[in-house]
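The primary structure of each chain is shown beneath.
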Amino acid sequence: METILSVVVGGLFAGAVYLMLRRNLLKFIFGFVLMSNAVNLLIFTAGRLTRASAPIIPDTADAPTEIIANPLPQALILTAIVIGFGFIAFSLVLLYRSYQATGTVDTDKLRELQAALETTHQQPKGQGSQAEVSA
Amino acid sequence: MSYVSYLVALPIIVPLATAGLLFALQPVRHVQRVVSVASASVQLALAIMLLATVSQQGILAAQMGSWPAPFGITLVADHLSAIMVVITGIMGTAVAVYSLTDIDEGRERFGYHPFYHVLLAGISGAFLTGDLFNLYVWFEVLLIASFVLIALGGDRDQLEGGIKYVLLNLVSSSLFLASTGILYGLTGTLNMADLSLKLAEVPAGVVTTVAILFMVAFGIKAAVFPLFFWLPASYHTPPVAVSAIFAGMLTKVGVYALIRVFTLLFTQDVGYTHTILLVVAGLTMLTGVLGAAAQDEFRRILSFHIISQIGYMIMGLALYTPLALIGAVFYVVHHIIVKTNLFLVSGIAKRFAGSFELKHIGGLYKHTPFLAVLFVVPAFSLAGFPPLSGFWAKLILIRAGLEAEQYVIVFVALLVGLLTMYSMTKIWRYAFWKPHPEGEEKLEKITLKQADWLLYAPVIALAVMTLVIGFWTEPFYNLAERAATELLEPSRYIEAVLGPQEATTATPVTIGETP
């Protein structure tokens, strides 16, 4: 079972990296979604997969009465899922706002727009600008 | 004992509680502003008490919820943590005061102050925790607060810079979490003191692999070569107060995490891991300073200099001798004060001259010599002029480098110091000496309002601090020395957390066994 999950984790990481290398920022965020799932599964697998009863101690005992499953990885994953959810929601909204402002989610186009913006910034009121020199 | 536990936890509790209170106070802005500054000062006072207690009693460990050490979350305050918490308090207060004038009403209305305190809580938490997963959680707390602060206001530049900042930091966090998961799989524990013991039983090759994963994850956060590119793309976009606290504290949390894991956990193969760190340090210094030389914008130059200065701190860690670690700790403290101050000065300069672009400003020396003095102190300190704080920081590191016979890195460090001076004189020449391109009249018209002493107060305080560290170095050196001694003897840290140990009889861990 561990072997299968390890392969799944590897596959998810590969997919995540592929998506993150795309120019489209939305795909980058999808890549992050895959990656956070991959990491969660990784923690789950690293905590060892055991078939055992739920880690609940009965009222009558002070210690578990039988072999129990390891609850810690699940607690870690739960925390990580909540944090990841918050981040995904935030970055999607941020990307949408940026799309509204710039009209694109393509990193190359963003760079072009930025460069265009900077050249217009550098020519205020014709003071010592390169345009004047070249003219 | 419980008093000590509270003392260790309070630098986190206070800003978190304040953040909650400030959210509730959202409709009454003037109360919110007072509470924000008051809480930051309380945090500073508590941090100083913590440092004083640590100096008297040694490393303090607080078991949260009274769960004994390897099972619950432990907060640990050794000298390094306490020093970092104090410096967080100082910067938190200084920038909180500066924000009162610098942050506009719109940003205040949409929650600037509460998120600022969430950020401070996250930073303090990251410095104080003794649990690897808890460190991840505090990283995320400070990250989400910084995401909000960097995007708040929604200027076009801010959104673009914000996206780069957010996405790269998300990747770094995922890597950090993945490596934490692997480490848990190897040892079955997340408590850093316990990890330090149990990693000795794990095959060294596996540990080194995980160490490199951590190096990449924290390297992105600390902005070291070649993972720094998000920093200069984003730090110049938000309001000055935000970029000042980011510049001072956030990358240093990454540096702190690197110092912590590469002195406490990953010391099995120092020859391999720390050599990589040394190469990284040299390249970080060089690329940072060369990047700065190519820039023409006040805050962008400063941003690239954050990177080059990070290189010095990593150099101290990489040399891994007592003197080098003293240098690293000293450098972190000096750098946070100086860099935050330079960003704050850039904000005042912009108010006078109207822009951050060096081409479009000038004449500041003639117009306001006082501001020029306030710029010169941190700028020369950054470049390492005696007798300012930066000189001593560089001196310690370079001596350590010479003693370790690492002449290449010493040469790079000296060269980068020289080039830093070039960048600082460039700002000086363009912003202060050169006449203003639109004529002196433009500057004459701008006189700052009376309330703007709130802008000057933190700048003056931080400049005085730079001078104090410069002229009265010994107590600061001694503190850094104690921090470094503790870092080089992890057994003290382990003992404080887990109780007295016989290091040789650590229980062996069998890999692959079901827990």
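A. Up close: the overall build of chain A. Scanning chain A from terminus to terminus reveals 5 helices and 0 strands. In chain A, the order of α-helices and β-strands from amino to carboxyl end is α-α-α-α-α. The 135 residues of chain A split such that 21% are buried. Taking all contacts inside chain A whose residues are at least 6 apart in sequence as the whole, residues at least 24 apart take part in 51%.

B. Representation of the overall build of chain B in the model. On a plain count of helices and strands, chain B comes out with 22 helices and 2 strands. Taken against the 2.2 N^0.38 rule, which gives 24 Å for 515 residues, the C-alpha radius of gyration of chain B at 22 Å falls within 12% of a compact globule. With the principal axes as the frame, chain B shows a C-alpha extent of 75 × 55 × 40 Å. Classification of the 515 residues of chain B by burial places 62% in the buried group. A sequence separation of at least 24 residues applies to 79% of the contacts in chain B between residues at least 6 apart.

C. Structural detail: the interface of chain A and chain B. If you look at the interface, chain A gives 32 residues, while chain B gives 28 residues. Here the side of chain A that touches chain B takes 14 residues from helix α3 (residues 72-102) of chain A, the largest share from any one element. When the residues that make up the side of chain A that touches chain B are grouped by side-chain class, the tally is 18 nonpolar, 12 polar and 2 charged.

D. Spatial organisation of the environment of Val8(B). All names here are of chain B. Relative to the helices and strands, Val8 resides in helix α1 (residues 2-24). Overall, the presence of 26 C-beta atoms within 10 Å leaves Val8 in the buried class. When the C-alpha atoms of Val8 and Pro239 are compared, they prove to be 32 Å apart, with 231 residues separating the residues in sequence.

E. Focus on helix α2 (residues 29-57) of chain B. All names here are of chain B. In this model α2 runs 42 Å from its N-terminal to its C-terminal C-alpha over 29 residues, within 8% of the 42 Å that 1.5 Å per residue would give. For α2, every residue scored as buried is listed here: Gln32, Ser36, Ser39, Ala40, Gln43, Leu44, Leu46, Ala47, Leu50, Leu51 and Val54. Contacts made by the buried residues of α2 are with α1, β1 (60-63), β2 (74-77), α3 (79-102) and α5 (112-128).

F. Region of interest: helix α11 (residues 240-264) of chain B. All names here are of chain B. Taking 1.5 Å of rise per residue, 25 residues should cover 36 Å, and α11 covers 36 Å from first to last C-alpha, within 8% of that figure. Taken as a whole, α11 carries its principal kink of about 35 degrees at Phe246. Within α11, 25 of the 25 residues are buried, which leaves it mostly tucked inside the rest of the structure.

G. Spotlight on the nonpolar core. All names here are of chain B. Ile83, Ile314 and Val329 are the most contacted members of the largest nonpolar core, which totals 227 residues. If you tally residues by element for this core, the top one is helix α14 (residues 322-353), at 19 residues. What Val329 contacts, discounting residues up to four positions off in sequence, is Leu80, Ile83, Ala480, Ala483 and Ala484.

H. Molecular detail of the pairing of β2(B). All names here are of chain B. What you see with β2 is no split at all: Thr74 and Val76 on one side and Leu75 and Ala77 on the other are buried throughout. Both β1 and β2 contribute to a ladder of 4 bridges, which runs antiparallel. Pairing of Leu60 across the sheet is with Ala77, part of β2.

I. Representation of unusual backbone geometry within the structure. All names here are of chain B. The omega torsion across Phe225 and Pro226 is -5 degrees, close enough to zero to call that bond cis. Inspection of the secondary structure assignment puts Pro226 in the loop between α9 (204-222) and α10 (230-234). A cis geometry characterises the amide bond from Pro386 onward to Pro387, with omega recorded as 0 degrees. Inspection of the secondary structure puts Pro387 in the loop between α16 (369-383) and α17 (389-403). For Ser66, which is not a glycine, the phi torsion comes out positive at approximately 60 degrees. Position of Ser66 among the secondary structure elements: in the loop between β1 and β2. A residue is classified by how many C-beta atoms lie within 10 Å of it, and Ser66, with 9 of them, is exposed.

J. Geometry of the confidence of the model for chain A. All names here are of chain A. Taken residue by residue, chain A gives an average pLDDT of 83. The fraction at 70 or more is 88%. Helix α5 (residues 130-134) is the least confidently modelled element of chain A, averaging 36 in pLDDT, while helix α1 (residues 2-20) averages 94, the highest of any element. Confidence drops under a pLDDT of 50 for residues 123-135, and excluding neighbours within four residues, the segment shows 9 contacts in the predicted structure.

K. Here's a closer look at the packing of α14(B) against α17(B). Residue and element names in this part refer to chain B. Taken N-terminus to C-terminus, the directions of α14 and α17 make an angle of 155 degrees; their axes are 8 Å apart at the nearest point. Of the possible angle classes, the one that applies to α14 and α17 is roughly antiparallel. For α14 against α17, the interelement crossing comes out left-handed. Where α14 approaches α17, its residues Leu323, Ala324, Ile326, Gly327, Phe330, Tyr331, His334 and Val338 are matched on the opposing element by Ser389, Gly390, Trp392, Ala393, Ile396, Leu397, Arg399, Ala400 and Glu403. Considering only residue class, the contact of α14 with α17 consists of 11 nonpolar, 4 polar and 2 charged.

L. The packing of α11(B) against helix α13 (residues 298-319) of chain B, seen in detail. Residues and elements named next belong to chain B. Following both chains from N to C, one finds α11 and α13 inclined at 20 degrees, their axes separated by 11 Å at the closest point. When the axis of α11 is compared with that of α13, the two are roughly parallel. Considering the relative orientation of α11 and α13, their crossing is right-handed. Contacts from Ser243, Ala247, Thr251, Val255, Leu258, Ile259 and Phe262 of α11 reach α13 at Arg299, Leu302, Ile306, Ile310, Met313, Ile314 and Leu317.

M. Spotlight on the environment of Leu323(B). Residue and element names in this part refer to chain B. Relative to the helices and strands, Leu323 is located in helix α14. For Leu323, a count of 19 C-beta atoms within 10 Å puts it in the partly exposed group. With sequence-adjacent residues up to four places away left out, Leu323 is seen in contact with Ile396, Arg399, Ala400 and Glu403.

Conventions used here
- Residues numbered from 1 in each chain as written.
- Chains lettered and ligands numbered in written order.
- Predicted model: local features only at pLDDT ≥ 70, side-chain atom pairs only at ≥ 80, totals over all residues.
- Helix = DSSP H or I, 4+ residues; strand = E, 2+ residues; numbered from the N terminus.
- Buried ≥ 20, exposed ≤ 12 C-beta atoms within 10 Å, placed from the backbone.
- Contact = placed C-beta atoms within 7 Å.
- Rg over C-alpha atoms; globule rule 2.2 N^0.38 Å.
- Nonpolar A, V, L, I, M, F, W, Y, C, P; charged D, E, K, R; others polar.
- Expected span 1.5 Å × (residues − 1).
- Bend = angle between axes of the 7 residues up to and from the residue.
- Core = buried A, V, L, I, M, F, W, Y, C linked by C-beta atoms within 7 Å.
- Pairing = 2+ DSSP bridges.
- pLDDT = per-residue confidence, 0-100.
- Axes fitted to C-alpha atoms, helices over the stretch in contact; angles between N-to-C directions.
- Parallel < 35°, antiparallel > 145°, perpendicular 65-115°, else oblique.
- Left-handed = near helix turned anticlockwise from the far one by under 90°.

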